[in-house]
Amino acid sequence: MWIWLAFMVPACAAGFVLFRRNTIPQASSQSSDASRLSVVIPARNEEENLPHLLSSLRAQRYRPYEIIVVDDGSTDRTGPIAEAYGATLVRGLPLPEGWTGKNWAVWTGYLRSTGDLIAFLDADVRLAPDALGALVEARSRTSGVVSVVPYHYTEKLYERLALVPNLLGLFAFTSPFERTNPQKGLYGSCILTSRKDYDRAKGHEGVKAELLDDLTLGARFAEAGVPVTNFIGRGLVSFRMYPGGIRSEVEGFGKGAVQSTGKLAKPTVLLVALWLVGLICAEAAPFVLHTAGAPIWAAGYLLYTLQIYYFARHIGRFGLWLPALHPLSTVFFLYIMLYSSYRVLFVGHVPWKGRKIRVGGDRK
């Protein structure tokens, strides 16, 4: 049992190596950047989410020059809601062969935009009043493209099951080993770039058939010599990912769960695997309570629980008890991985928002 404890301690410590509290720097009271900012929002059946985002854009201290909503074949009130908030609405454009729906929507919005800076925002994102100003300053300081992993607000139990998947995903963006990774990705929910840098990287047209468009786009920026910087959004950028039910949550996480690991640096993958194996071992504690080694197993469970509580403060709101009952989220994560593996290896496509996206890029 002491050998197991000697393994579990460094496994748990791997989480602290991977996690960096790299929040967006606060904006100064008076931004000196006078660039015109265009906001492009791809939206497919987003009548519940869109009002929250558009309201938060209205409240920004750094006001966008224009807001463009691209209605990607919605069957709900997405279009009328966008118009009611005064956004420029683009819709009715057929999806060309060889493009995924979101990539085409984002590219279409970009072609209609006129700003010097472009912010690509998913419809489920919500912004604090200083968010855009802080992002503009952060991009200016880094002289490249920036993206944000939003703080995840949850309300229902099934949404809170995303705790472990969210944490593992955050490791991939804050790992110190990703700084020099030539395939370093961006987080697609919130990206800010200059038009010049976006053109140099060939934008979403250069990744038009990619399922993992944001991860691949980051590599395209790096290849073009544009620095890529990722932040965590606590306090400024948030989202509520899957309010529509657990099926959408499974499909959303499952569409890239397996393939995304191939984009990470090897040390990141090894440390994530080490942390996860230690977590699963610690979660076996309830099954060995009758053995002599029960106190050691319980210590491992407690150690991971305290660590997860600490991480959860920065990644999302998952309730008071779910971080203590993290085995529920671990089981959910393992199911996601099995589902994603089945889709990638045996089915050949993944479902998302009423479409089937072929693994490897082609639309079906």
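Just above, that's the structure.
Each chain carries its own residue numbering, running from 1 in the written order of its sequence. This being a predicted model, a pLDDT of at least 70 is required before a residue's local features are given, and a value of 80 or more before pairs of side-chain atoms are given or counted; all residues contribute to the totals for chains, interfaces and linings. Note: side-chain values were computed over all heavy atoms of the structure, leaving out hydrogens and water.

Asks: I'd like a rundown of the packing of aromatic side chains, residues and numbers included.
Replies: When we look at a pair of aromatic rings, we describe it by the centre distance and by the angle of the planes. Classification of ring pairs uses Phe, Tyr and Trp, with its six-membered ring standing for Trp, and accepts pairs whose centres are within 6.5 Å; under 30 degrees between planes counts as stacked, over 60 as edge-to-face, and the remaining range as tilted. Taken as a whole and assessed by the stated rule, the structure comprises 19 aromatic pairs. Here Tyr 110 and Tyr 198 contribute two aromatic rings whose centre-to-centre distance is 4.5 Å and whose plane-to-plane angle is 55°, an arrangement assigned as tilted. In this pair, Tyr 110 is assigned in helix α4 (residues 101-112) and Tyr 198 in helix α8 (residues 195-200), connecting sequence segments 88 residues apart. Neither Tyr 110 nor Tyr 198 differs from the other in exposure class; each is buried. Ring geometry for Tyr 187 versus Phe 239: centroids 6.5 Å apart, planes at 55°, classification tilted. A residue pair is termed long-range when its members are at least 10 positions apart, and Tyr 187 in the loop between α7 (163-174) and β8 (190-194) and Phe 239 in strand β10 (residues 237-239) qualify at 52 residues. Phe 239 shares its class with Tyr 187; the two are buried. The structure contains a cluster of three or more aromatic residues connected by ring pairs, namely Phe 16, Phe 19, Phe 171, Trp 275, Tyr 304, Tyr 310 and Phe 311. Helix and strand labels come from DSSP, where a helix needs a run of H or I of at least four residues and a strand needs a run of E of at least two; each type is numbered from the N terminus. Only protein chains enter the area calculation, which uses a 1.4 Å probe; residues under 20% of their type maximum are buried, those over 50% are exposed, and those in between are partly exposed.

Asks: Can you break down the packing of α7 against helix α13 (residues 326-347) residue by residue, with the values?
Replies: Axis definition: a line fitted to C-alpha atoms, limited for helices to the stretch in contact. Angles are taken between N-to-C directions and run from 0 to 180 degrees. Between α7 and α13, the shortest axis-to-axis distance is 7 Å and the interhelical angle comes to 70°. Relative to α13, α7 is oriented roughly perpendicular. Between α7 and α13, the residues in contact are Leu 163, Val 164, Pro 165 and Leu 168 and His 326, Ser 329, Thr 330, Phe 332 and Phe 333, respectively. Considered class by class, the residues forming the contact of α7 with α13 number six nonpolar, three polar and no charged. Under this scheme an angle from 65 to 115 degrees is roughly perpendicular, one under 35 degrees roughly parallel, and one over 145 degrees roughly antiparallel; angles in between are oblique. Any pair of residues with heavy atoms lying within 4.5 Å of one another is described as a contacting pair. Residues are grouped as follows: Ala, Val, Leu, Ile, Met, Phe, Trp, Tyr, Cys and Pro are nonpolar; Asp, Glu, Lys and Arg are charged; all remaining types, including Gly, are polar.

Asks: Please give an account of empty space enclosed by the protein that cites residues and values.
Replies: Left-over empty space is what a probe sized like a water molecule reveals as it rolls over the atoms. Here the term cavity refers to a set of points on a 1 Å grid, laid over the protein atoms alone, in which a 1.4 Å probe fits but cannot get out; the term pocket refers to an open set having protein on both sides within 12 Å along at least five of seven lines, with lining residues being those that place an atom within 4 Å of a point. Grid points are joined across faces, edges and corners, and a volume is the space filled by probe spheres set on the points. Taken as a whole and judged by the stated rule, the model has one cavity of 30 Å³ or more. In this model, the largest cavity occupies a volume close to 50 Å³. Lining the largest cavity are Pro 42, Lys 102, Val 106, Phe 120, Leu 121, Asp 122, Gly 188, Ile 191, His 204 and Asp 213. A breakdown of the residues in the lining of the largest cavity according to their chemical character gives five nonpolar, two polar and three charged.

Asks: Hey, could you go over the pairing of strand β4 (residues 117-121) for me, with residue numbers and the actual values?
Replies: In terms of burial, β4 is largely enclosed, as five of its five residues are buried. The alternating pattern of β4 places Leu 117, Ala 119 and Leu 121 and Ile 118 and Phe 120 on opposite faces, both of which are buried. Here, strands pair whenever DSSP counts at least two bridges between them. Two strands pair when backbone bridges link them, and strand β1 (residues 37-43) and β4 are joined in this way by four bridges, in the parallel orientation. Pairing of Val 40 across the sheet is with Phe 120, part of β4. Direction of pairing for β4 relative to β8: antiparallel, over a ladder of five bridges.

Asks: Could you give me a rundown of helix α5 (residues 131-142), with the residues and numbers involved?
Replies: The span you would expect from a helix comes to 1.5 Å times its residue count less one. The terminal C-alpha atoms of α5 lie 16 Å apart, and with twelve residues this matches the ideal 16 Å at 1.5 Å per residue to within 8%. Of all twelve residues that make up α5, nine are buried, and the element is covered over most of its length. Taken together, the buried positions of α5 are occupied by Ala 131, Leu 132, Gly 133, Ala 134, Leu 135, Val 136, Glu 137, Ala 138 and Arg 139. Positive phi appears at Ser 143, one or two residues downstream of α5, with a value of about 55°.

Asks: Mind laying out the side chain of Asp 214, listing which residues take part and the relevant values?
Replies: If you trace the backbone, Asp 214 turns up in helix α9 (residues 213-223). All tallies of charge rest on Lys and Arg as positive and Asp and Glu as negative; His and the ends of each chain are not included. Should a side-chain nitrogen of Lys or Arg be within 4 Å of a carboxyl oxygen of Asp or Glu, the pair is scored as a salt bridge. Despite being buried, Asp 214 has no salt bridge partner; Lys 102 is the closest side chain of opposite charge, sitting 6.0 Å away. Not counting residues up to four positions away in its chain, the partners in contact with Asp 214 are Gly 185, Leu 186, Tyr 187 and Gly 188.

Asks: Residue-level account of unusual backbone geometry, with values.
Replies: Although it is not a glycine, Ser 143 sits at a positive phi angle of roughly 55°. Structurally, Ser 143 can be placed in the loop between α5 and β6 (145-149). One non-glycine residue, Lys 202, adopts positive backbone phi at about 65°. Assignment of secondary structure puts Lys 202 in the loop between α8 and α9.

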